[in-house]
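# Inside the fold
If you want the building blocks of each chain, they are given just below.
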Amino acid sequence: MAVKKAALACTVCGSRNYSITANNNRTQRLELNKFCKHCGKKTLHKETR
């Protein structure tokens, strides 16, 4: 079985800064406050598929 990967995209500028391994048991998308190197501050990052 292959490992599924997902990206975390910044909600302000839309750049995909982080990648995570996706868990198939989750039903909602992950949302975290992470540092965006393009915005220069901590912003909300949402999981993209």
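Everything quoted here is computed from the prediction, not taken from an experiment.

### Comments concerning the overall build of the protein
Looking only at helices and strands, the protein features 0 helices and 4 strands. In sequence order, the protein lays out its α and β elements as β-β-β-β. Oriented by its inertia axes, the alpha-carbon framework of the protein measures out at about 35 × 20 × 15 Å. Across the protein, contacts joining residues at least 24 apart in sequence account for 34% of those joining residues at least 6 apart.

### Quick notes on the confidence of the model for the protein
Mean pLDDT over the protein stands at 91; residues scoring 70 or higher make up 98%. For the protein, the element scoring lowest by mean pLDDT is strand β2 (residues 16–21), at 93; strand β3 (residues 31–36) scores highest, at 95.

### Concerning the environment of L8
Note on placement: L8 falls in strand β1 (residues 5–10). Separated by 22 residues in sequence, L8 and L30 place their C-alpha atoms 8.2 Å apart. Apart from residues no more than four positions distant in its own chain, L8 is found in contact with S15, R16, N17, Y18, I20, L30, L32, H45, K46 and E47.

### Concerning the sheet that holds β1
Taking strand neighbours across the sheet as the criterion, the 4 strands line up as β2-β1-β4-β3 in an open arrangement whose pairing is antiparallel. Where the open sheet ends on each side, the last strands, each with one partner, are β2 and β3. Taken over all neighbouring pairs, the strand axes of this sheet differ in orientation by 40° on average, direction set aside. Bridge count for β1 against β2 is 5 bridges, and the pairing is antiparallel. Among the inter-strand pairings, A7 is bridged to a residue of β2, identified as S19.

### Re the environment of A9
Of note, A9 is situated in strand β1. Residues A9 and E47 lie 38 residues apart in sequence; the distance between their C-alpha atoms is 6.3 Å. Contact partners of A9, with chain neighbours within four places excluded, come to G14, S15, R16, L44, H45, K46 and T48.

### Some details on the side chain of T48
Within the element layout of this structure, T48 appears in strand β4 (residues 41–48). Excluding residues within four positions of it along the chain, T48 makes contact with A6, A7, A9, R16 and R29.

Conventions we followed
- Along every chain, residues carry numbers that run from 1 in the direction the sequence is written.
- At least 70 in pLDDT is required for a residue's local features to be given in this predicted model, at least 80 for side-chain atom pairs to be given and counted, and no such filter applies to totals for whole chains, interfaces and linings, which use all residues.
- The side-chain figures draw on all heavy atoms in the structure; neither hydrogens nor water molecules are used.
- Secondary structure elements follow DSSP: runs of H or I no shorter than four residues count as helices, runs of E no shorter than two count as strands, and numbering proceeds from the N terminus.
- Whether two residues are in contact is decided by their heavy atoms, any of which lying within 4.5 Å being enough.
- As a per-residue quantity, pLDDT reports the predictor's confidence and falls between 0 and 100.
- Strand pairing is assigned whenever DSSP detects at least two bridges linking the two strands.
- To get an axis, fit a line to the C-alpha atoms, keeping to the stretch in contact for a helix; angles then go from 0 to 180 degrees between the N-to-C directions.

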